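# A structural walkthrough
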Amino acid sequence: MARLFLLLLAVALALTAGGCHSFEFQEATLDAIQMGFKNGSVTSTALVRFYLGQISRLNPVVNAVIEVNPDALKQAAWADAERRRASSGDGGREMGGLHGVPVLLKDNIATRDRLNTTAGSLALVGSVVRRDAGVVARLRAAGAVVLGKANMDEWANFRSAIGTGGWSARGGQGKNPYVLSSPPCGSSTGPAIAAAANMAAVTLGTETDGSLLCPASLNSVVGIKPTVGLTSRAGVIPISPRQDTVGPICRTVADAVHVLDAIVGYDELDAAATRAASKYIPDGGYMQFLKIDGLNGKRIGVVNGLFDVDDGTARQTVYQQHLNTMRKYGAVVIENLEIENLSVIQNATISGELAALAAEFKLGLNAYLSDLSYSPVRSLAEIIAFNNAHPDEEMLKQFGQLIFLVSENTTGIGAVEKAAIQQLHDFTANGVEKVMKEHMLDAIAAPDSSAATVFAIDGLPGIAVPAGYDEQGAPFGISFGGLKGYEPRLIEIAYAFEQACKVRKPPMFKE
């Protein structure tokens, strides 16, 4: 008995000693990962193996990932070797916060490797891009490992008038990992699900109108929608040069800001937009704005018509508590504000947004397709024909392709489209810009992505943060939006809010 006791004691001591450098993969942050690299408790290879295991186990349930990178383990081994050389004093590149970190990309972000880039559509399977997307080139330069491509609303939810609800022909129906029957939202469906379910360290999505803020909100993760032009759209299957933007979806504000720092900047292949927005990039980057007291002194607006939540619900109670928390931590919360023409802005048909996007989409998509080294289709017209020839696989009966047909019928940016674009600018100038300037606001707060269109139509930024869970356990979020270049103050607000409330918890995969 004494010998057995001594043996058990020895095992316990060994486990305790090993536990000093044990690594917790679930909910791992970038800071924890980099610490693990330094103390030897984890490697890039081990991370990739963990996330590949998560994808193998969970993807049949949630359909977050379309394909994994067959070279991910090779990239991870290279990153591990680089760190070993650096630690032995052999030099090499500086190891930043994303070095060796597995990143999952939305399937409309091009990679020049063995992965497809298809926007979820069967029509683009086998197409070959000439180069990595601008943001991917920056991620690779930072040493990140491309883990694979994430599912999305097919064609970024710009095919069908009724929307595709997180479905694509290649990826299937994305499922909310908290309550599988709850909507996951989109179009960055897969990146949000994967981040929430620990199927990747960090992910990258895109937004034209709500496609980062909405899925982040409904999957209890953080989404940053940058000012248009802050991140390059080169190599991203486009909808609109005025509204498209690329941003991170992660489990924490700090992780999302780490990724944002890595992907912002000028790109000669998206020169006009990235040059214009480069003036907003702060010296020293964005990490400096992760301030625990970031709510103190901030002026936050609440707009009538955006904060309409049903009386007596958990959501209503929680949102009111959050507004009180903001006040408790030093923010000035100004309620009952009005944005002129809000109901018109929120209706894409009446506002002119759809007219502008339809024309821009055809021009942008045809230009993207023409630049591919190889593609089975070379125009929107050919994609429409492909869908007609594959109605079952592309679920044509269920979803249709009305927006495609409307877009194909456009003839460029003519008088009607120019008038629509000008009207959208005017709505912003006389609406959200006017309110924010008159009341000296740092941000407007809104439930989930209810303010997404307000900020989308003129390329303004926003951040979504987990806010709570409803009676069934489905997540909801809160978004903070501002004027162009307001990322520093939005990050301060979002980070301080996150740290004060600590809402996020891992998903339960409830039926």
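All of the points below concern the structure found in this document. If you're wondering where the values come from, they're calculated on a predicted model, not measured in any experiment.

### Re the overall build of the chain
- Helix and strand content of the chain: 20 helices and 13 strands.
- Considered along the principal axes of its C-alpha atoms, the chain spans approximately 90 × 55 × 50 Å.
- Partitioning the intrachain contacts of the chain with sequence separation of at least 6 by distance along the chain shows that 76% fall at a separation of at least 24.
- Total accessible area computed for the chain in this model is approximately 19900 Å², and 55% of it derives from carbon and sulfur atoms.
- One way to put it: in the chain the 44 positive side-chain charges average out to a point 6 Å from where the 51 negative ones average out.

### Brief notes about helix H20 (residues 487-501)
- Along its 15 residues, H20 runs 21 Å from first to last C-alpha, staying within 8% of the 21 Å computed at 1.5 Å per residue.
- When we look at burial in H20, the residues that qualify are Glu-487, Pro-488, Leu-490, Ile-491, Glu-492, Ile-493, Ala-494, Tyr-495, Ala-496, Phe-497 and Glu-498.
- Directly after H20, the chain includes Lys-502, whose backbone phi takes a positive value near 45 degrees.

### Things to note about the environment of Thr-313
- Tracing the sequence through the fold places Thr-313 in the loop between strand S9 (299-303) and helix H10 (314-328).
- Sequence separation between Thr-313 and Gly-190 is 123 residues; the distance between their C-alpha atoms is 28 Å.
- A polar contact of 2.8 Å, which involves the side chain of Thr-313, links it to the backbone oxygen of Asp-310.
- Side-chain polar atoms of Thr-313 contact the backbone nitrogen of Gln-316, separated by 3.2 Å.

### Side note on unusual backbone geometry
- Residue Gly-186 is joined to Ser-187 through a cis peptide bond whose omega torsion reads 10 degrees.
- Relative to the helices and strands, Ser-187 is located in the loop between strand S5 (172-173) and helix H6 (189-196).
- Despite not being glycine, Asn-157 shows a phi value in the positive range, around 65 degrees.
- Looking at the element boundaries, Asn-157 is found in the loop between strand S3 (145-150) and strand S4 (167-168).
- Look at Asn-157 and you get partly exposed, because its relative accessible area is 30%.
- The phi dihedral of Asp-448 falls on the positive side, at around 45 degrees, and the residue is not glycine.
- What makes Asp-448 buried here is its relative accessible area of 11%.

### Considering the side chain of Asn-219
- Within the fold, Asn-219 resides in the loop between helix H7 (213-218) and strand S7 (222-225).
- The class of Asn-219 is buried, set by a relative accessible area of 0%.
- Reaching out from Asn-219, the side chain makes a polar contact with the backbone oxygen of Pro-184 at a distance of 2.9 Å.
- Not counting residues within four places of it along the chain, the set of residues in contact with Asn-219 comprises Asn-176, Pro-177, Tyr-178, Pro-184, Ala-192, Ile-193, Ala-196, Pro-475 and Arg-504.

### Details of the sheet that holds S7
- Here we have 11 strands laid out as an open sheet, ordered S1-S3-S2-S6-S8-S7-S12-S13-S11-S9-S10, and mixed in their pairing. Each edge of the open sheet is held by one strand with a lone partner, namely strand S1 (65-68) and strand S10 (332-337). On average, each strand axis in the sheet is tilted by 25 degrees relative to the strand beside it, whichever way the strands run.
- As defined by bridge partners, strand S11 (residues 443-447) adjoins strand S13 (residues 475-481) across 4 bridges and the pair is classed as antiparallel.

Definitions and cut-offs
- Throughout this document, residue positions are counted from 1 along each chain, in the order its sequence is written.
- In keeping with the predicted nature of the model, local features appear solely for residues at pLDDT of at least 70, side-chain atom pairs appear and are counted solely at 80 or more, and the whole-chain, interface and lining totals rest on all residues.
- The side-chain quantities take in all heavy atoms of the structure and omit both hydrogens and water.
- Helix numbering and strand numbering both begin at the N terminus, where a helix is a DSSP run of H or I of at least 4 residues and a strand a DSSP run of E of at least 2.
- We call two residues in contact when some of their heavy atoms are within 4.5 Å.
- Where accessible areas are quoted, they stem from the Shrake-Rupley method and a 1.4 Å probe; at the residue level, only the protein chains shown are allowed to cover.
- Charged-residue counts in this description rest on Lys and Arg as positive and Asp and Glu as negative, His and the chain ends being excluded.
- Lys charges are placed at NZ, Arg charges at CZ, Asp charges at CG and Glu charges at CD.
- Here, expected helix span is obtained from the residue count minus one, scaled by 1.5 Å.
- Here the term buried applies to any residue with accessible area under 20% of the maximum for its type, exposed to any over 50%, and partly exposed to those in between, with areas from a 1.4 Å probe on protein chains only.
- Think of a polar contact as two N or O atoms within 3.5 Å of one another; within protein, one of them needs to be a possible hydrogen donor and the other a possible acceptor, and neighboring residues in sequence only count if both atoms come from side chains.
- We call two strands paired when DSSP finds no fewer than two bridges between them.
- Where helices are involved, their axes are fitted lines through C-alpha atoms of the stretch in contact, as for all axes, and angles between N-to-C directions lie from 0 to 180°.

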